[in-house]
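Descriptive analysis of the structure
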Amino acid sequence: MSILIAEVIVDVSTYHVDRPFDYQVPPEWESVIELGCRVKVPFGPRNVLGFIVGLKHETDVPLNKLKGITQILDMEPALTEEMLQMAKWLKNNTICYEIDALQVMLPSALRAKYEKIIKLQKNQTLPEEVQPIFGKRQQVNFKEFEREGLLPLLKQLVAENIVTIENVVKQQGNVKEIRMVQITADQQLVERALGQSSRAVKQRLLLQWMCQHLGEILSPQQICDEAGVSLSVLEAVIDKGAAQFIQEEVFRDPFTKEVSRTQALQLTDEQQVALQAINTAMEQQTAETFLLHGITGSGKTEVYLQAIQKVLNDGKEAIMLVPEISLTPQMTERFRSRFGEMVAVMHSGLSVGEKYDEWRKIQQGKVKVVVGARSAIFAPFTNIGLIILDEEHESTYKQEDSPRYHARDVAIWRSEFYKCPIILGSATPALESFARAKKGVYTLLSLKQRALHQALPTVYIADMREELRQGNRSMFSQSLIEAIRVRLEKKEQMVLFLNRRGYSSFVLCRDCGTVVQCPNCDISLTYHRTTEKLKCHYCGYEEHVPQICPQCQSDHIRYFGTGTQKVEEEIYKLFPEARVLRMDVDTTKHKGAHEEILETFGAGQADILLGTQMIAKGLDFPNITLVGVLSADTSLHLPDYRAAERTFQLLTQVSGRAGRHDKPGEVIIQTYTPEHYAIELAKTQDYEPFYEREMFLRRRSSYPPYYFVALIQLSHEDVMMAAEYAGRVADWLRENLSNQVAIIGPTTASIARLQNRYRYQCLIKYKIEPNLIPVLQRLLAMYRAEWIKQGILMTVDLDPSTI
DNA sequence: AGCACGCCGACT
DNA sequence: GTCGGCGTGCTC
């Protein structure tokens, strides 16, 4: 009979092996093995993990070269056939290795962990030098030898066959098991035990109790508590055979708090219309993409919830993506209170084990809804009825390293696979999305009214140049100070938003103007008050705050810029009675800190919530009546064609935090460029005028959505080398791409040096270029064959989120 | 990516 | 003569 051959993608992330390798499936596993299983295979001189991507009966590989699979790691395949197809699509459309595409779909717990183990052979004795390492053990980790610098000796020991080296392949996380007790005692056994000596009163008691609970599986603790005996008694009884310990799989529970159930809310007419359109698409099983454009507070979430309810009624599954953890506590709570145990969550705040368990709940069909960040788009459902991307314009939906996928694109791919609709929801859609909706590629659904008919907050623009002219050199405009005072008096809450990007505290010499910079990157160091240190946010470099200027030795050196800590201090100077809650990377480090801060604020235990990016979204508290944006400009002047769009989105999002309930809201935006259209139009929170204006500019300079862009980044330790090869890239692209394509560059990247490497980039703008991917692949081939040896590093990003 | 193989300089 | 430096090439 013919043998079974498996095609395996091995866990080695390099282009040389980015193709399936054939392995023989041992006959006894032929009925077990399935597509998508993880397997252990010999690869060259070592063992690696791999994924079965094909099964066949023939191979071109000569039989003397064909090896067999060593082990099957999954009885139930880790990857579905859909995922295998999706991985191929990802590979071709984002230019990545297939193995990376496969890995990204799995929780990190299932990734491989490789360990080298040194085993002492039987009847062999170790020389004295290595005795202390082994102690009484029969095997030790390779690293222990390495640490002691005993590698030459190890080589000798291997040669003499005293020890052997084994490569073990494990996975990073495991199923959590707890010890339970199964009560198996039959009547006879119990009687016999009871009939014995009158001693062992406690055991007798326990046995009697067990008779009432035959066949049950309980935790040891529970049995001891209920029967009123100690653990040692239970162990004694188990010894006699009246019960036995068994290992039971459990899910680690990431939810800390109970939620009460809620019912569907009454929909407004607009919401009803939107829901109806979505429901129709679900009924007709069409892969339709809806753009749900709803102003802040218009009740998009309620539309999602009711659409998902229909999915559940139809016996299907739903994926709900949210931008990042900032949304998840409030958002997941809302989902759990509506759908209870049917919900799994997936975000970066979970431990490896928790993520694995949530993933298994999805895989085993124990839940029907997943609420999660970007990677949840790969949730292993097999009957998806609806996919939702909330705040679809968020750049966190784009993964910044390989595979550089956009969750929106994956969502569309999966919706076509399952013939189900997608909802892209936003108050400020990405220009690309709105343009597609206007063209009819997406179906536009609009919510123009706030759900509770509250008025939109009034937005006031504070011209900081004017403030400066009037001698106000503080970071607060007069109007903002006044507004804060009023809120404090009225005992209402407020949110102050600091757009910190590129504007954190730095150290500047007042004599020569030197800003202390990172020695490895062209970035100024950020001052951290808590540790009295200067830190580089890009490479992690740290140093103590200098007492004198490193340039001119002056001692007139001081801190500038506005970190959240600085703002907090300023607030206390002006309003000593104010209770400020600061939410930034420093205060949200530990697990659950996010939730704690929001809860404290929600409970009214603070007047002012002060924070960065992370408070811009989702926050929904009735008592917030003022939102202050301390500096709207910081994101406006970044060298990125999306800077204006980002600023408009951000301002609209933060403004939406005010006056969501019965109290009217007010927003104060401080800026040095009040005449900029992104700021002027944020004032009226009117998306379409902004869209028209921005589209005009995009068309004029040939940027998306009119053109597609691809970004090639290149770095080298030596400036000249980096510049030279960046030039070669540009020349080569100009030669090989059609003249319809614009190639911008080479230019220095916005951070010209990072981790001691000089960075250049080329931008490709194109409309239709069928050759683009093949040409880029040839460029990459050239890079891998020659340039990489020169120390060049190059990356290609189709559809970059920042440039 | 690892790991082995292989071909050249400084040591016992 | 040998140990070990890291260039080159392969992995079903």
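Residues numbered from 1 in each chain as written. Chains lettered and ligands numbered in written order. Predicted model: local features only at pLDDT ≥ 70, side-chain atom pairs only at ≥ 80, totals over all residues. Heavy atoms only, no water.

Going by an unreviewed UniProt entry, chain A carries the name Replication restart protein PriA and comes from Lysinibacillus irui. Turning to chain A, the UniProt record has this under Subunit (unreviewed entry): "Component of the replication restart primosome." (UniProt positions renumbered as here; feature names shortened; annotations may be inferred.)

Let us look at the sheet that holds strand β25 (residues 542-544). An order of β23-β24-β25 is seen for the three strands of this open sheet, with the pairing classed as antiparallel. Two strands lie at the open edges of the sheet, namely β23 (526-528) and β25, each paired on one side alone. For this sheet, the mean angle separating the axes of adjacent strands, direction not counted, is 30°. Pairing geometry for strand β24 (residues 533-535) and β25, over three bridges, is antiparallel. Considered in β25, the bridge of K533 is made with H544. (Pairing = 2+ DSSP bridges. Helix = DSSP H or I, 4+ residues; strand = E, 2+ residues; numbered from the N terminus. Axes fitted to C-alpha atoms, helices over the stretch in contact; angles between N-to-C directions.)

Turning our eyes to something else, we now look at the protein's contact with DNA strand B. Every residue lining DNA strand B is accounted for by V12, T14, H16, P45, R46 and K116. In DNA strand B, atoms within 4 Å of the protein come from the sugar-phosphate backbone in 60% of cases. For the surface near DNA strand B, the residue count by class is two nonpolar, two polar and two charged. (Near = heavy atom within 4 Å. Nonpolar A, V, L, I, M, F, W, Y, C, P; charged D, E, K, R; others polar.)

A separate point is the protein's contact with DNA strand C. Around DNA strand C sit 13 residues, and of these D22, G44, V61, K65 and K67 come closest. Here DNA strand C approaches the protein such that, of its atoms within 4 Å, sugar and phosphate make up 48%. At 3.2 Å, a side-chain N or O of Y23 approaches a phosphate oxygen of DNA strand C. A distance of 3.2 Å separates a phosphate oxygen of DNA strand C from a polar atom in the backbone of P42. Sorting the residues of the surface near DNA strand C by element identifies β2 (21-24) and β3 (38-43) as the ones contributing at least two each. For the surface near DNA strand C, the element with the most residues is β2, which contributes three residues. Looking at the surface near DNA strand C residue by residue, the class counts come to seven nonpolar, two polar and four charged. (Polar contact = N/O pair within 3.5 Å; in protein donor to acceptor, adjacent residues only side chain to side chain.)

Looking now at the sheet that holds strand β8 (residues 139-141). Pairing within the open sheet is antiparallel, and its three strands lie in the order β8-β7-β9. Among the strands making up the open sheet, the edge pair consists of β8 and β9 (163-171). Neighbour to neighbour, the strand axes of the sheet diverge by 35° on average, direction disregarded. For strand β7 (residues 112-120) and β8, the ladder comprises three bridges, and the chain directions are antiparallel. When the bridges of β8 are listed, I117 appears paired with N141.

Below, the discussion takes up the nonpolar core. In globular proteins that are soluble, nonpolar side chains generally tend to be buried together. Ranked by internal contacts, the top residues of the largest apolar core, which has 95 residues, are M105, V370, I377, F378 and L609. Per-element tally for this core: the top contributor is helix α14 (residues 407-418), with six residues. With sequence-adjacent residues up to four places away left out, M105 is seen in contact with L79, M83, M86, A87, L90, W359 and F378. Ranked by size, the runner-up nonpolar core spans 30 residues in total, among them I95, I712, A730 and L780. (Core = buried A, V, L, I, M, F, W, Y, C linked by side-chain atoms within 4.5 Å. Buried < 20%, exposed > 50% of the residue type's maximum accessible area, 1.4 Å probe, protein only. Contact = heavy atoms within 4.5 Å.)

On to the UniProt feature "binding site: Zn(2+) 1" (unreviewed entry) in chain A. According to UniProt, the feature "binding site: Zn(2+) 1" (unreviewed entry) maps to C509, C512, C549 and C552 in the numbering used here. Considering the C-alpha atoms alone, the annotated residues occupy 44 residues of sequence yet fold into one spot, their largest mutual distance being 8.6 Å. Position of C509 relative to the elements: it lies in strand β22 (residues 506-509). When neighbours within four sequence positions are excluded, C509 is seen to be in contact with T514, C549, C552, S554, H556 and I557. One can find C512 in the loop between β22 and β23.

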